[in-house]
Amino acid sequence: MSGLLRPTLVFVLLSLAGSGLSAQKEARRGTYFRNDKPPFGLWIPAGLAGGREAEKDGSGMLARFRGEEYLGGNLSIYLRPAISVEAVAAQFEQDLERRFPGQTSQVIPGEPDCAFENIVLQTSGLGAKAEFREGMVLTAVIRLDRHSAVALHWSFAGETLDAALPALRWMLRTFRAGGASSLDRFLEKRWWHAGTGFSFRPPRGFGAAPPAEAADFLYGATSMPPERTLMVRRAGSLSVHMILQDLRDCGQRDGEIWKSPNDVGATAAAAFFVDDAGARGTAAVAVGFAEEHFLLFAVAGPIGRREDFLETAELVAASAEHVDLAEAQRAVAEAIAALEHARVRRETAGQREALAVLARYPFLPEASTALARALPAIAEPELAVAVATALADAPNPAVAGDVLKALRHFESARQVSVVIALLGTLGGVRDRRAITILFRHAEKAPVDEATAAIQSLGRYRDIDGDLVARRLVQLLEKLEIAAQRSEEQQLRARGLRPAFFAALSALSGEAVSSLAQAREVLRRQ
């Protein structure tokens, strides 16, 4: 093994705003490869998305893509046990040496914007095989976790190296892991539209806009500062491609339509539109579910933020779900009856099963009401947390009384994890009676509980929003004064500042990142 493989490359976390990907031809999206166990995914460039086949010989290969256009050869994706990225790269180098004696390998600079430790190995001297035409191999190894790594093994004609290397680095920048939970740092809690059964997770850093009068309009939001807009509406077409073709008001389409990721198996397609006259761009993702239910997600703003718009629209679209309302109502009615039957007979397993069904449909008032009433009697903390979390995604003010009752019960029982979840629930149900309780926890509770309370207060913009914002600023001022007196209070202030700033940003509709900015925002309002 070459000594050049010794350095370990550890790089910083990828941000939602994107990594400033260039608009080169080799970075054009083709399709999104997603693996479920363990969960990870990355974009495959258009020139490598011509055909896909899965390997079944136990080699660890998950898929192989055949190249076309200017990116030839084959790209294979492997999942390998890993001690280090260098060890996996060495395995590939040894395998190539056995197959092609005399080949030479070297480590080349990896991708500094990749969220994961990675190493890139370039191998040449494969001309002994005629089909490679003086061929070359690029191997990129990405550490997935402590025990495994993902390897991209790309064989191609050496004459296309200048196109292949930038495309490989672009793929590394798009790599993500962690499944649905990996979206938590980018997206808010789930938003439901009870009249249609549609739901999705809005992006962080956006404030909801007033609903439009159009019947097909479901959701609108503006970023803070207000340079991007998100629009979600129902689409009446029978094809995701036809939906994108009908977007005549967004400008001229830039490039071809590409496939977009969606974690629930729906069909999806995306495109970017350029409005030269207005110097604006729009990233649009159309998502189609069963029975002709279609959604359109569009993020628009200054043309210079192209990759930011694309990533925001794709992430929100990837969180989209749809449930059949009639089926959901039938399942909820049966679960409510089963829950009562199990409660009378004191059948813990039956109650657990019924609550799990109700937690799937919290946007239905009858489901959220049953969940809230059952909360105080739940003996298992993990189940209580799951029920509280489901209620947080269902803005049903009618359950506020039951949630407050449950909060008092679990506080007395000192079930901290359930208390934290219920404080989050109060941000979903939004009831004036909860404001005083949330401020009590924000001021006096441990950092984890206080953070949950402050985050919930940030969701009260439409209920005494100005008053809540002013009280949060006053509480932040007290926190900063206390931080000057002891190291303990300094640590508390350090832990709570991000929650304060996020809540004040949501309440004011402006980006707040300091106490001085918060005071200025309140002064102007």
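Preceding this paragraph is the structure being described.
I will try to describe carefully the structure that is included in this document.

About the cut-offs
- Residues numbered from 1 in each chain as written.
- Predicted model: local features only at pLDDT ≥ 70, side-chain atom pairs only at ≥ 80, totals over all residues.
- Heavy atoms only, no water.
- Helix = DSSP H or I, 4+ residues; strand = E, 2+ residues; numbered from the N terminus.
- Buried < 20%, exposed > 50% of the residue type's maximum accessible area, 1.4 Å probe, protein only.
- Contact = heavy atoms within 4.5 Å.
- Areas by Shrake-Rupley, 256 points an atom, 1.4 Å probe, with all protein chains shown as cover.
- Phe/Tyr/Trp six-rings, centres within 6.5 Å; stacked < 30°, edge-to-face > 60°.
- Pairing = 2+ DSSP bridges.
- Axes fitted to C-alpha atoms, helices over the stretch in contact; angles between N-to-C directions.
- Parallel < 35°, antiparallel > 145°, perpendicular 65-115°, else oblique.
- Left-handed = near helix turned anticlockwise from the far one by under 90°.
- Nonpolar A, V, L, I, M, F, W, Y, C, P; charged D, E, K, R; others polar.

## A look at the overall build of the protein chain
Scanning the protein chain from terminus to terminus reveals 15 helices and 20 strands. Buried residues in the protein chain amount to 51% of all 525 residues. Partitioning the contacts of the protein chain with sequence separation of at least 6, the portion at a separation of at least 24 is 56%. Carbon together with sulfur atoms contributes 51% to the accessible area of the protein chain, which is approximately 24,500 Å² in total.

## Quick look at the packing of aromatic side chains
One pass over the structure, following the stated rule, counts 12 aromatic pairs. When the ring of tyrosine 78 is compared with that of phenylalanine 92, the centres are 5.3 Å apart and the planes differ by 70°; the resulting orientation is edge-to-face. Here the residue tyrosine 78 occupies a position in strand 5 (residues 71–81), and phenylalanine 92 occupies one in helix 1 (residues 85–99), the gap between them amounting to 14 residues. For tyrosine 78, a relative accessible area of 10% corresponds to the buried category. Residue phenylalanine 92 is classed as buried on the basis of its relative accessible area, which comes to 4%. Where phenylalanine 200 meets phenylalanine 297, the ring centres are 5.5 Å apart and the plane angle is 85°; that geometry is what we call edge-to-face.

## Examining the pairing of strand 18 (residues 280–289)
Within strand 18, 9 of the 10 residues are buried, which leaves the element mostly enclosed by the surrounding structure. Two strands pair when backbone bridges link them, and strand 17 (residues 267–275) and strand 18 are joined in this way by 9 bridges, in the antiparallel orientation. Counterpart to threonine 267 in the pairing with strand 18 is glycine 288. Inspection of the sheet shows strand 18 paired to strand 19 (residues 293–302) by 10 bridges, in the antiparallel sense. Paired with alanine 284 across the bridge in strand 19 is alanine 298.

## A short note on the packing of helix 11 (residues 432–444) against helix 12 (residues 447–457)
Taken N-terminus to C-terminus, the directions of helix 11 and helix 12 make an angle of 140°; their axes are 7 Å apart at the nearest point. Classified by the angle between their axes, helix 11 and helix 12 sit oblique to one another. Here the hand of the crossing between helix 11 and helix 12 comes out left-handed. On helix 12, the residues touching Ile435, Leu438, Phe439, His441 and Ala442 of helix 11 are Glu449, Ala450, Ala453, Ile454, Ser456 and Leu457. Counted by class, the contact of helix 11 with helix 12 contains 8 nonpolar, 2 polar and 1 charged residues.

Geometry only, nothing functional implied.
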